[in-house]
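Structure at a glance
Below, each chain spelled out in residue letters.
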Amino acid sequence: MRMVARGRDLVTDAEGRADAIAEQELVILASARREILAIGSTPPLAGAETLVGARAGGASRLALAEALGDRRGTLAYQLLDDFAGASLVAGWAWSRWTEDFAAALRRAGAQANAGRRGAMVGVCTGFAPGSSALTDDGGADHAAQSATPVGPLDRPDDPEGWHRMTTQDGAPGMRRARRLDLWREGPDLCADVGFQDSATAPAGGRIAVHEYHMTAMIDPVRMTLKAIAADPHILPYRECPGAVSNIQRLVGQGVHTLRDAVLSTLAGTLGCTHLNDVLRSLADVPTLCAALEDAA
């Protein structure tokens, strides 16, 4: 699995002029077991080579903290933190291209969740006990998943809206796209967040399995979360949207704590793995706010 990760911080002034203040690109070669085999970065990222051998999940996030220290709020940290979730969802692209998804993963050397009894029960809201997302033996029912055709993210009337993306055509390919827009509104900071997991489709175009839109209001002095709302646009199972109501538990939290606080507050059936990834990105707000103030 070859993963190309790109990010950009863009500041737009009052006249609408956009200035890229940070850019980062990572290229990761990973095994079917989601183990980092090689990693490269532009610009060079000190310590990145120590991540070789780390397997996606808690292990990769622990290795990330040890390798880079506390660089939360930076593009490199966000891109590397996303390796765990993005590589997990990447297998879904194969399920669109082969009828025997679990067997294909086993042949590639991966341990497919669908092949382990009870593996998915209780993992998240969508896989709560009794969910329609579960097979009789407690695996994920891939045949019951829904997905939605989606158009391109970039828009001709907003050429600066997205950084350059890798073209994926004619073969299984997955893309996780996320954005976080931040601005001042009166005394508060406002955040508008978009998140989409999509794959190439055998018939052409793209289909999405996860898509969220989230808004948040933040106290810029205390850096605490004052209000939050999330709208699930696309999710694979009918139980999945149930996680949205639980995010109000985060109101009052310091946004800088959210990378860890989300995982503990919305663990298991209280949360959605992918909504949690959306929420955790708000931990970057203090760093982005500083850039916003510098540009003002």
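Residues numbered from 1 in each chain as written. Predicted model: local features only at pLDDT ≥ 70, side-chain atom pairs only at ≥ 80, totals over all residues. Heavy atoms only, no water.

**A short note on the overall build of the protein chain**
A count of helices and strands for the protein chain gives six helices and eight strands. The order of α-helices and β-strands along the protein chain, N terminus first, is β-β-β-α-α-α-β-β-β-β-β-α-α-α. Taking 19 Å as the expected radius of gyration for a compact globule of 296 residues, we find that the protein chain reaches 19 Å, a close match to that expectation. Summarising its shape, the C-alpha atoms of the protein chain cover approximately 55 × 40 × 40 Å along the three principal directions. Burial statistics for the protein chain: of 296 residues in total, 47% are counted as buried. A sequence separation of at least 24 residues applies to 54% of the contacts in the protein chain between residues at least 6 apart. Of the side-chain charges in the protein chain, 29 are positive and 36 negative, and the distance between the mean point of each set is 6 Å. (Helix = DSSP H or I, 4+ residues; strand = E, 2+ residues; numbered from the N terminus. Rg over C-alpha atoms; globule rule 2.2 N^0.38 Å. Buried < 20%, exposed > 50% of the residue type's maximum accessible area, 1.4 Å probe, protein only. Contact = heavy atoms within 4.5 Å. Lys, Arg positive; Asp, Glu negative; His and termini not counted. Charge placed at Lys NZ, Arg CZ, Asp CG, Glu CD.)

**Digging into the nonpolar core**
The biggest cluster of nonpolar side chains holds 39 residues, and the ones touching the most others in it are Leu-275, Leu-279 and Leu-282. Counting only elements with at least two residues in this core, the list comes to β6 (188–200), β7 (206–219), β8 (224–234), α4 (258–265), α5 (273–280) and α6 (285–295). In this structure, Leu-279 is in contact with Met-214, Ile-228, Ile-247, Leu-250, Leu-258, Val-262 and Leu-266, ignoring residues within four places of it in sequence. If you look at the next biggest cluster of nonpolar residues, it comprises 21 residues, including Ile-28, Ile-39, Ala-54 and Ala-86. (Core = buried A, V, L, I, M, F, W, Y, C linked by side-chain atoms within 4.5 Å.)

**A look at α5**
Taken across its eight residues, α5 has seven buried, putting it largely inside the fold. Inspection of α5 places His-274, Leu-275, Asn-276, Asp-277, Val-278, Leu-279 and Arg-280 among the buried residues, and these make up the whole buried set.

**Structural notes on the pattern of salt bridges**
Taken as a whole, this structure holds 20 salt bridges when the rule is applied. With its nearest N and O atoms 2.9 Å apart, the salt bridge here joins Asp-157 to Arg-155. Asp-157 sits in the exposed class, given a relative accessible area of 58%. The exposure class of Arg-155 is exposed, given its relative accessible area of 51%. Residue Arg-179 pairs with Asp-192 through a salt bridge whose shortest N-O separation is 2.8 Å. Of this pair, Arg-179 sits in strand β5 (residues 174–185) while Asp-192 sits in strand β6; the two residues are 13 residues apart in sequence, bridging distant segments of the chain. The class for Asp-192 is buried, based on a relative accessible area of 16%. Via salt bridges that share partners, Asp-81, Asp-82, Arg-176, Arg-178, Asp-197, Arg-259, Asp-277, Arg-280 and Asp-284 belong to a single interconnected network. (Salt bridge = Lys/Arg side-chain N within 4 Å of Asp/Glu carboxyl O.)

**Some details on the side chain of Asp-277**
Relative to the assigned elements, Asp-277 resides in helix α5. Excluding anything up to four places from it in sequence, Asp-277 contacts Arg-61, Asp-82, Gly-85, Arg-176, Arg-178 and Phe-195.

**Quick look at the sheet that holds strand β1 (residues 2–12)**
Ordered in space as β1-β2-β3, the three strands form an open sheet in which the pairing is antiparallel. Strands with a single pairing partner mark the edges of an open sheet, and in this sheet they are β1 and β3 (36–42). Taken over all neighbouring pairs, the strand axes of this sheet differ in orientation by 15 degrees on average, direction set aside. Pairing geometry for β1 and strand β2 (residues 18–30), over 11 bridges, is antiparallel. Residue Arg-6 lies in a different strand from β2, and its bridge partner there is Glu-25. (Pairing = 2+ DSSP bridges. Axes fitted to C-alpha atoms, helices over the stretch in contact; angles between N-to-C directions.)

**A closer look at the pairing of β7**
In terms of burial, β7 is a largely internal element, 11 of the 14 residues being buried. Of the strand pairs in this sheet, strand β4 (residues 148–150) and β7 are connected by three bridges, and their pairing is antiparallel. By the bridge assignment, Pro-149 is partnered in β7 with Ile-207. Counting the residues that bridge the hairpin from β6 to β7 gives five residues, and of these Gly-204 lies at a positive phi of roughly 105 degrees. Pairing of β7 with β8 involves nine bridges; the strand directions are antiparallel. Considered in β8, the bridge of Ala-216 is made with Ile-228. Counting the residues that bridge the hairpin from β7 to β8 gives four residues, and of these Met-223 lies at a positive phi of roughly 55 degrees.

**A few points about the environment of Ile-247**
Within the element layout of this structure, Ile-247 appears in the loop between β8 and α4. Between the C-alpha atoms of Ile-247 and Leu-270, which are 23 residues apart in sequence, the distance is 8.9 Å. When residues no more than four places from it in sequence are discounted, the contact partners of Ile-247 are Ile-228, Ala-229, Ala-230, Leu-266, Leu-275 and Leu-279.

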